[in-house]
Protein chains: 2
Amino acid sequence: MKQIYFTAGPAELYHTVTQHLQTAMNEQIGSISHRSQKFRDIYRFTVEQLRELMAIPETHGIFFTGSASEIWERLALNCVEHESFHLVNGSFSKKCYDYALALGKFAHKQEKPLGEGFDYSEVEVPEYAELVALTHNETSAGVQLRTVDIHKLKRSYSKKLFAVDMVSSAPYPDLDYSLIDSAYFSVQKAFGLPAGLGVWIASEKLLERAEQLKKADQNIGAHHDLPTLWKFYQTYETPATPNVLFIYLLGKVAEDLNRIGIDNVRRDTEEKAKMIYKFIESHSAYEPFVKEDRHRSRTVVVANTIQSSANVIAEVKKAGMVIGSGYGKFKDSQIRIANFPATSAEQVQQLLDVLQKIG
Amino acid sequence: MKQIYFTAGPAELYHTVTQHLQTAMNEQIGSISHRSQKFRDIYRFTVEQLRELMAIPETHGIFFTGSASEIWERLALNCVEHESFHLVNGSFSKKCYDYALALGKFAHKQEKPLGEGFDYSEVEVPEYAELVALTHNETSAGVQLRTVDIHKLKRSYSKKLFAVDMVSSAPYPDLDYSLIDSAYFSVQKAFGLPAGLGVWIASEKLLERAEQLKKADQNIGAHHDLPTLWKFYQTYETPATPNVLFIYLLGKVAEDLNRIGIDNVRRDTEEKAKMIYKFIESHSAYEPFVKEDRHRSRTVVVANTIQSSANVIAEVKKAGMVIGSGYGKFKDSQIRIANFPATSAEQVQQLLDVLQKIG
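Residues numbered from 1 in each chain as written. Chains lettered and ligands numbered in written order. Predicted model: local features only at pLDDT ≥ 70, side-chain atom pairs only at ≥ 80, totals over all residues.

Next up on the list: the overall build of chain A. Secondary structure summary: chain A contains 11 helices and 15 strands in total. Expected size for 359 residues packed as a compact globule is a radius of gyration near 21 Å; at 20 Å, chain A falls within 12% of this value. With the principal axes as the frame, chain A shows a C-alpha extent of 60 × 55 × 30 Å. Within the span of chain A, comprising 359 residues, buried residues form 57% of the whole. Once local pairs closer than 6 in sequence are excluded, the contacts in chain A between residues at least 24 apart make up 72%. (Helix = DSSP H or I, 4+ residues; strand = E, 2+ residues; numbered from the N terminus. Rg over C-alpha atoms; globule rule 2.2 N^0.38 Å. Buried ≥ 20, exposed ≤ 12 C-beta atoms within 10 Å, placed from the backbone. Contact = placed C-beta atoms within 7 Å.)

Okay, structure coming up:
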């Protein structure tokens, strides 16, 4: 029997994926050339659907990589000469910082423990930081950085490049791309696709920066460097053979979400998040890991458990559902519940009913 | 109606892919965690099947990237301090060289025009080259470098690291991994899968080299650097979320090929190649682009055409088959025919019958 995956990615596949995959196989999308008009039409369609869904303006190109992790590297290489700045409050924001360090950048960080979030007023960006790297949704801790804070921060540091990790929340965050220079995600989270594709949104300002650095003989990388990605993007092509099938699937799922409407997708997400938080707040066997409501992720909910989380996870599994454990040192004392468009309010209720009985 | 793809990649899907994909969807492979035992079992299974198929010893790790192009970058970063050496005779061997240059390496090349191949006796590797980068099958020109020459060359320069691009030929070449330090391919060619996965085979010697460079504070990259890939590979995991679905499919197709037996797979490839070359040699409307039989690729056949190749391609398409055009300046005067395991001798005969009528 099939399980319902409430995991934070890879996650439950969006309910239309099987049908789209079938269509793709019938149309032999796995065999078409990435230099064909058919591929260019797929790339353009996916870009158009993402632009509509996430209000991404024409000033921003949309590019495909193997994963979002790859984009951490491309960002540091293509828009940092010397210094970057990172808000770190979990494993994934930390990894972005670590990538910049490994590439020889002077990476600054402002750090908080797992479970704590940042507010606009407390963030201080170092004077010489060229790039400000923010994480909209820290998957490891279930903490969000509100878009209103992201936008305020950019207004206070308007000359710096801003990049937003929305790996485990896109298309939920209503980012204002007139402010945000770059954002990125991977498709195995809220888009409900199998893993194997990263999506990089980058502005013309980021391109200019990469071109400057290249001209100044900085190593901006050889694979998927921004100027080369952009050059091919002009004709909806990619420098290397991309994951054509998943680009096709992403366009189709984005189209499905557009039919529902992004406002409805966001409202659904918020309502389901409310259901989950209300439950874990009211039940004595659980409590929200993140104390402040404004910092609580709407797409990945983390709860402390009274009993061993392994027990809870095992009982949930018996009922046909999969939830995640806590991250790192919280592995045995927390559960993580993804709240993506692929799981309905009815399925969330089904999960909460089981958690109710176990508790 | 479905077409038969004789293109050099993306190519015809191997005939079992649809069934494996169906099984994968039923088993929810697209949703399982890349930190689960189920994923580790898939990674191990795929490694075991590839080891059996291509006689890859335990001294060599097997890693997954987004594409083979990504591996060009990882190779230059992880095993070249100063100098590399490249045999260049087409677009793809040239790109490997260009990647090394872009990363600030002193990259040497020995170059020949498209359509010409290299023999062992004529290759001179510069004294200080640390890495010798060879292309077993130059996809753009349909030229092969025989494994016997590759092995002799390594014996003559035994202290240098040897890396072999077998993107459009694996698992055909019978490489001796007691000599070859690294080889790599992508799955959308002879393995008959959709594009979106690169496979990197690397020896312990390569790992040692990468670790030395890292210790000496060289930038070996932040994403998919060899020491990190190897660390996770110890438990059949990957540093970032990989393309789980395609790793599964690759293992399954490799298993299918193992059932046939690699000797039979190679013999079939050679027999079909003979059919195609014999045809284009004997028909007045075509001629082999590559003059010397020993340099003629067994997996990608390039033929000059008397009439415009666009005509030939269009006529073939009417008959339900897809072949490629020539590369670059040969676009209008050549056709390229992939000869991968996914297309049977009967299908090859069907193609030749159509080419016969057009000519």
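The rest of the description comes next.
Residues and elements named next belong to chain B. Interhelical geometry of helix α3 (residues 68-79) versus helix α4 (residues 91-102) gives an angle of 45 degrees and a closest axis separation of 9 Å. By the criterion of interaxial angle, the relationship of α3 to α4 is oblique. Here α3 runs over α4; the crossing is right-handed. Contacts between α3 and α4 involve Trp72, Glu73 and Ala76 on the former and, on the latter, Lys95, Cys96, Tyr99 and Ala100. Its residues placed into classes, the contact of α3 with α4 shows 5 nonpolar, no polar and 2 charged. (Axes fitted to C-alpha atoms, helices over the stretch in contact; angles between N-to-C directions. Parallel < 35°, antiparallel > 145°, perpendicular 65-115°, else oblique. Left-handed = near helix turned anticlockwise from the far one by under 90°. Nonpolar A, V, L, I, M, F, W, Y, C, P; charged D, E, K, R; others polar.)

Another point: the pairing of strand β5 (residues 131-135) of chain B. All names here are of chain B. Burial analysis of β5 places 5 of its 5 residues in the buried class, the great majority of the element. Across the two faces of β5 the burial is the same, with Leu131, Ala133 and Thr135 and Val132 and Leu134 all buried. In this sheet, β5 lies alongside strand β3 (residues 83-88) in parallel orientation, the contact comprising 3 bridges. Opposite Phe85, over in β5, you have Val132 as the bridge partner. Here β5 runs beside strand β8 (residues 161-165); their pairing, made up of 5 bridges, is parallel. In the strand pairing of β8, Thr135 is matched with Asp165. (Pairing = 2+ DSSP bridges.)

Turning our eyes to something else, we now look at the domain arrangement of chain A. Residues and elements named next belong to chain A. Domain boundaries in chain A define domain 1 (4-11 + 262-358) and domain 2 (17-259). Its C-alpha centre places domain 1 at a distance of 26 Å from the equivalent point of domain 2. Per-element accounting of the side of domain 1 that touches domain 2 gives the leading share, 4 residues, to helix α9 (residues 262-282). Of the residues belonging to the side of domain 1 that touches domain 2, the class tally is 15 nonpolar, 6 polar and 6 charged. (Domains from an automatic or database assignment.)

In the superposition of chain A on chain B (RMSD 0.0 Å, axial shift 0.0 Å), the rotation amounts to 180 degrees. In short, the pair behaves as if placed about a two-fold rotation axis. Measuring from the rotation axis to each C-alpha of chain A, the shortest distance belongs to Gly66(A), at 2.2 Å. A share of 100% of the interface residues of chain A reappears at the interface of chain B, consistent with the copies meeting face to face through the same patch. (Least-squares fit on C-alpha atoms with pLDDT ≥ 70 in both.)

Further remarks concern helix α6 (residues 204-215) of chain A. All names here are of chain A. The terminal C-alpha atoms of α6 lie 16 Å apart, and with 12 residues this matches the ideal 16 Å at 1.5 Å per residue to within 8%. Residues Leu206, Leu207, Arg209, Ala210 and Leu213 constitute the buried set of α6. With its buried residues spanning 160 degrees around the axis, α6 presents them on a single face. On its buried side, α6 packs onto α3 (68-79), β8 (161-165), β9 (182-186), β10 (198-203) and α7 (226-233). (Expected span 1.5 Å × (residues − 1). Arc of directions from axis to C-beta.)

Position of Ile32(A) among the secondary structure elements: in the loop between α1 (17-26) and α2 (37-54). Exposure remark for Ile32(A): the 24 C-beta atoms within 10 Å place this residue in the buried category. As a C-alpha pair, Ile32(A) and Ser169(A) span 137 residues in sequence and 31 Å in three-dimensional space. Excluding residues that lie within four positions of it along the chain, Ile32(A) makes contacts with Lys38(A), Phe39(A), Val244(A) and Pro10(B).

In this section: the pairing of β8(A). Residues and elements named next belong to chain A. Of all 5 residues in β8, 5 are buried, a share of seventy percent or more. In β8, alternate side chains face the same way, and those of Leu161, Ala163 and Asp165 on one face and Phe162 and Val164 on the other are all buried. As defined by bridge partners, β8 adjoins β9 across 3 bridges and the pair is classed as parallel. The residue bridging Ala163 from the neighbouring strand is Ser182, located in β9.

Attention shifts here to the sheet that holds strand β14 (residues 324-325) of chain A. All names here are of chain A. Spatially, 4 strands are ordered β11-β12-β15-β14 in an open sheet, and the strand pairing comes out antiparallel. Two strands lie at the open edges of the sheet, namely β11 (286-288) and β14, each paired on one side alone. Bridge count for strand β12 (residues 300-305) against strand β15 (residues 334-338) is 5 bridges, and the pairing is antiparallel. From the neighbouring strand, Val302 faces β15, where its bridge partner is Arg336.

A word on the interface of chain A and chain B. The interface of chain A with chain B comprises 43 residues on the first partner and 43 residues on the second. Tallying contributions element by element places α3(A) first for the side of chain A that touches chain B, with 4 residues.

Residue and element names in this part refer to chain B. Here we have 4 strands laid out as an open sheet, ordered β11-β12-β15-β14, and antiparallel in their pairing. Every other strand in the sheet has two partners, leaving β11 (286-288) and β14 (324-325) as the edge strands with one partner each. With respect to the sheet, helix α9 (residues 262-282) is in contact with β11, β12 (300-305) and β15 (334-338), its orientation differing from that of β11 by roughly 125 degrees. Those strands touched by helix α10 (residues 309-318) are β12, β14 and β15, and its axis lies near 40 degrees from that of β15.

A few words on the confidence of the model for chain A. On average, residues of chain A carry a pLDDT of 97, and 100% of them reach 70 or more. This complex was scored by the predictor with a pTM of 0.98 and an ipTM of 0.98. (pLDDT = per-residue confidence, 0-100.)

This part is about the environment of Gln28(B). Inspection of the secondary structure assignment puts Gln28(B) in the loop between α1 (17-26) and α2 (37-54). Put simply, Gln28(B) and Leu245(B) are 217 residues apart on the chain and 9.4 Å apart in space, counted from C-alpha to C-alpha. Residue contacts for Gln28(B): discarding those within four places in its chain leaves Lys2(A) and Gln3(A).

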